[in-house]
Amino acid sequence: MTREDTLPTRPMPKAPTTKVDFNSLKAPSGYVPGLGRGAAGFTTRSDIGPARAGGLDALKGGAPGSKGGGDNEEAALDDTKFDEFMGNDAGVFAATGEYDEDDKEADAVWETVDNFMDERRREAREKRLKEELERYRAENPKITEQFADLKRKLSDVSYEEWEAIPEIGDYTIKKQRRMERFAPVPDSLLARAAAEASGSGGNLAKSLDPNSGLASVGGALNGLATPMGGATSTVSDLTAIGTGRGTVLGLKLDRMADSVTGQTVVDPKGYLTDLKSIKISTDAEISDIKKARHLLKSVIQTNPRHAPGWIAAARLEEVAGKLVDARKLIMQGCELCPNSEDIWLEAARLQTPDNAKALLARGVAQLPESTKLWMAAAKLETDDTAKARVLRKALERIPTSVRLWKAAVELAEEDDARILLSRAVECCPQAVELWLALARLETYENARKVLNNARKAVPTEPAIWVTAAKLEEANGAEQGQVDKIVARAIKSLSTNGVVIHRDAWMKEAENAERSTPAPHVFTCRAIVRAVHSLGVDAADLEATLVADAEEAAKRGSVETARALYNQALTTFPSQPHIWRQAAQLEKAHGTRAQLDELLRRAVQFCPQAEVLWLMAAKEAWLGGDVDGSRAILARAFAANPDSEQIWLAAFKLEFENNEPERARALLAKARENEAASAYPRVWMKSAIVERELGDVAKERALLEEGTRRFPTFEKFYLMLGQLEQRCGNTDGARLAYRNGLARCPASIPLWRAAARLEEEAAGNVGRARALLEQARLKNPKTDELWLAAIRTEQRAGNEKAADTVLAKALQDCPTSGLLWAEAISMAPRPARRTKATDALKRCDNDPHVVAAVAQLFWADRKVEKARSWFNRAVTLNPDIGDNWAHFYKFECQFGTPEQQVSAEGPEWQRAGGWQLAGCVCFVHVVVTRSGNLQSACRCAEGGGTSFFPRVRRS
């Protein structure tokens, strides 16, 4: 029997009359494509569906064509049993498809792989989501974000502007119901109507039916108006109404009476106002009071010996306005809780003064050891003698109460107080305050004995030792003796186990300095000497002492700061910066003798510190001792023969004292010195002296020699150009500036001077414009060059060109206060305020902008605001001379003489930031009596500020 015989056969189809489309026919059961030509066919789980067991249950389905099998397959292929992983849980392997450990491990492995792949893409995904969210929020902003800038501006709206906003009206289109107004009918009208209704001969009816109206009064209308619904009428008696009002008024007056003295405190003039201020309890408050009363009643009934419950109940009744009930409750509490001092004090508070005295007498009889009751009884007494009597009785019962002793001493005279304190320290030997008070009242000898006894009684109290040091200082002790007392104090306290805190002792030093009536300077210094290095590492000692001295000076403790500086200088005598800070302290708070002595010691310990020599010479000069200043500089020369600063200080001393010949000789000697001749400022000062003396040839020779020796020192070219300009040699000046720009292309004053030369001497504005353009190319983002270009256009009358240059300048330097200040001054008057607001947003704390805003307030005659802004400007940068000049002119116009002196100030005299169109020199501003501002240059001619006209030197 062959394999073909076992295969199922099917009848051969008849020959079709038409062509059959085999692709549309269903494949026979068990057909495998390519099997006939040797292909190995395979099936997958998705082809055969979920597996199921091939047991007895599977065979019950019979052949594929049987009916029973068809019903089971339809039941097994139910869509409601479908699972994404297991399919629909039907088929041959349905009974064996269990989820075992291997499946769980495989799922865990695949989940780890998925998580790893997801982690690799997480950053990119989160970044993409964040960008999409930001883009969505930018395209769809919230309402709050759209109006955020407008809300921010609401903070600048003033109260008057808020009040000026009109109220929104009712613009609804619906017809509103008219509001009906009713006025209360007076009693007289109702009484008159009742009388008319009852007849002229009858008595005045005293009752009205509010529900029946006037028509039913007295029954005169024979029932034409009856009560609604036949209800019984509510009758209100007019006489009863008046009586009730009087009762209410009497209750209000009783509540406004003083519960202590019984006297009325009603103000007749403000009676109606006081009535309106009376708080009317609402129904909710009354309900709360009732609940609290019920709760507290249960508390005091449950535990009648609990004093806080009685106190709370009494206070509740007091708040409710029932003072009598409060007193009754608190008295019951006193009977049930006689050992509680709080309930006695509460009872005394609720009673009148006389009753309170009797009540406290019962209280102290019950609790004789209660300090609070005795103190309350003493406060009730109005006479000091009676108070003293109560306190002495209390001290008989409680001799160890410090509070009672203090109160008794405060009421006694000095002799009686001394006797009381003598007894007090015997009863309370640990009370340091009593010991110190007794020492203050005793004589010097007795005070020493008292403090010695106090030290024995309380060996751990630092205040006793500090008081002893102050006592010795007040009685003429020297510094050494006070130092010994403080040193013994530190040693004794440490022996008795007291931790010495450096900060606490420093505060004691400051307190000793501030003590009254006279400061105890020796005690302050002794404390600082004893504890200055306590607990501080050696490496940090210098910085710690200097920092503590600065903080003490800021707090106004000058002696403490001076003592700290002295200790720092004693420990570190070779540190110049400590000497400088100590000298600044003496200059601000000390005398000239103290400052001179300090600087004399400073130059001895630090002879190489040039700044200390210069400070000493300057202070001697300011004190009027010119010869002493020369002697100091001579010693400085001996210690520092090659110092440029000392050479220039000696020149300045002679020059400022109108000794130009001595200054010339001094500089000639400096030029001959090999070391000093290497300083360009020596040659520059020499040229300045020759210019002051009028020797043009020698000045030119010095400047030419200076340019040869120091080819990169810009001021030589600048001064040489100015010299040629004064002599009328424009070509020579142009050559000097050209040489300077070739060597110093970054010098802004040289570029400005060269452009100004072309503009003024040659009249060539185009050449000046080109020079400034070339300067901006070599020095980008330089606001001074932009400002020079703007003012060049303004002087040429090209206002539109100036505005164009200003716009370009603000684009190039958007945070330049110099340019914003110029923009404010160039703006039309109505637009200046807006321009100033923009400038303050860009550069808030720029002194140029602040000064420009001050000038706006000045123009608007807002004097106080202008003065405040000028003060702010010169505080931000005191080296800008133009701001000081404007401030001084403003004070001369609106200020007092004292304010004018403060506007001159010490800083403005050193202000070197004058925007000169020539030599960088010092300018003084002189205001004439008529208020006109003039400029005078002390060192050079032809120089002026950027705002004021250039004048000749006078």
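Conventions adopted
- Throughout, a residue's number is its position along its own chain's written sequence, starting from 1.
- Local features in this predicted model are restricted to residues whose pLDDT is 70 or higher, and side-chain atom pairs enter the listing and the counts only when it is 80 or higher, whereas totals over whole chains, interfaces and linings include all residues.
- Hydrogens and water are ignored here; the side-chain numbers use all heavy atoms of the structure.
- UniProt positions are given in the numbering used here, feature names are shortened, and annotations may be inferred rather than shown by experiment.
- The way it works is that DSSP assigns letters per residue, a run of H or I at least four long becomes a helix, a run of E at least two long becomes a strand, and they are numbered from the N terminus.
- Residue contacts are defined here by distance: any two heavy atoms, one from each residue, within 4.5 Å place the two residues in contact.
- Three exposure classes are used, based on accessible area relative to the maximum for each residue type with a 1.4 Å probe and protein chains only: buried under 20%, partly exposed in between, and exposed over 50%.
- Put simply, a salt bridge is a Lys or Arg side-chain nitrogen that is within 4 Å of an Asp or Glu carboxyl oxygen.
- Axes, fitted as lines to C-alpha atoms, cover a helix only where it is in contact. Angles between the N-to-C directions of the axes lie from 0 to 180 degrees.
- These descriptions rest on fixed angle ranges, namely under 35 degrees for roughly parallel, over 145 for roughly antiparallel, 65 to 115 for roughly perpendicular, and the rest for oblique.
- Whether a crossing is left-handed or right-handed is set by the direction in which the near helix is turned from the far one by less than a right angle, anticlockwise for left-handed and clockwise for right-handed.
- Ten residues, namely Ala, Val, Leu, Ile, Met, Phe, Trp, Tyr, Cys and Pro, are considered nonpolar, four, namely Asp, Glu, Lys and Arg, are considered charged, and the remaining ones, Gly among them, are considered polar.
- Think of a 1 Å grid over just the protein atoms. A cavity is a set of points where a 1.4 Å probe fits yet cannot get out, a pocket is an open set with protein on both sides within 12 Å along at least five of seven lines, and lining residues have an atom within 4 Å of a point.
- Grid points are joined across faces, edges and corners, and a volume is the space filled by probe spheres set on the points.

Under an unreviewed UniProt entry, the chain has the name PRP1 splicing factor N-terminal domain-containing protein and belongs to Volvox africanus. Annotation of the chain in UniProt includes, under Subcellular location (unreviewed entry), the sentence "Nucleus".

A. Looking closely at the overall build of the chain. Within the chain, the regular secondary structure consists of 48 helices and four strands. Residue pairs at least 24 apart in sequence account for 50% of intrachain contacts in the chain once pairs closer than 6 positions are excluded.

B. Quick peek at the side chain of S340. By the secondary structure assignment, S340 is in the loop between α14 (323–336) and α15 (341–350). A relative accessible area of 16% means that S340 is categorised as buried. Beyond its immediate stretch of four places on either side in the chain, S340 contacts A307 and L367.

C. Inspection of the environment of R423 at higher detail. Mapped onto the elements of the fold, R423 is located in helix α20 (residues 414–427). As for R423 and W405, which are separated by 18 residues in sequence, their C-alpha atoms are 9.3 Å apart.

D. Summary view of unusual backbone geometry. A cis geometry characterises the amide bond from T516 onward to P517, with omega recorded as 5°. On the secondary structure map, P517 appears in the loop between α25 (502–514) and α26 (521–531). Phi is positive for N658, which is not a glycine, with a value near 60°. Mapped onto the elements of the fold, N658 is located in the loop between α33 (644–656) and α34 (660–672). Even without a glycine there, the phi angle at K781 is positive, about 55°. Judged by its relative accessible area of 58%, K781 is exposed.

E. Representation of the pattern of salt bridges within the structure. Per the stated rule, a full pass over the model turns up 50 salt bridges. One salt bridge connects E597 with R600, and the closest N-O pair in it is separated by 2.3 Å. One end of the pair, E597, and the other, R600, are both in helix α30 (residues 592–605), three residues apart, so they sit about a helical turn from each other. E597 gets classed as partly exposed once you look at its relative accessible area, which sits at 36%. Linking E661 and R664 is a salt bridge whose minimum nitrogen-to-oxygen distance equals 3.8 Å. Linking E661 with R664, this pair stays in helix α34, spanning three residues, or about one helical turn. A relative accessible area of 48% places E661 in the partly exposed class. The exposure class of R664 is partly exposed, given its relative accessible area of 23%.

F. Layout of the packing of helix α21 (residues 432–441) against helix α22 (residues 444–457). Following both chains from N to C, one finds α21 and α22 inclined at 170°, their axes separated by 8 Å at the closest point. The orientation of α21 with respect to α22, classified from their angle, is roughly antiparallel. Two packed elements cross with a definite hand, and for α21 against α22 that hand is left-handed. Residue-level inspection shows W435, L436, L438 and A439 of α21 in contact with α22, the latter providing A447, V450, L451, N453, A454 and A457. Counted by class, the contact of α21 with α22 contains nine nonpolar, one polar and no charged residues.

G. The UniProt feature "coiled-coil region" (unreviewed entry) in the chain, seen in detail. When the UniProt feature table is mapped to this numbering, "coiled-coil region" (unreviewed entry) covers residues 119–153. Helix makes up 89% of residues 119–153 and strand makes up 0%, while its end C-alpha atoms are separated by 46 Å.

H. Geometry of empty space enclosed by the protein. Using the criterion set out here, one finds two cavities of 30 Å³ or more in the structure. Size it by volume and the second largest cavity reaches roughly 30 Å³. Lining the second largest cavity we find W465, V466, A469, I485, V486, A489, W505 and I527. Within the residue set of the lining of the second largest cavity, elements represented by two or more residues are α23 (462–474) and α24 (479–495). The class makeup of the residues in the lining of the second largest cavity is eight nonpolar, no polar and no charged.

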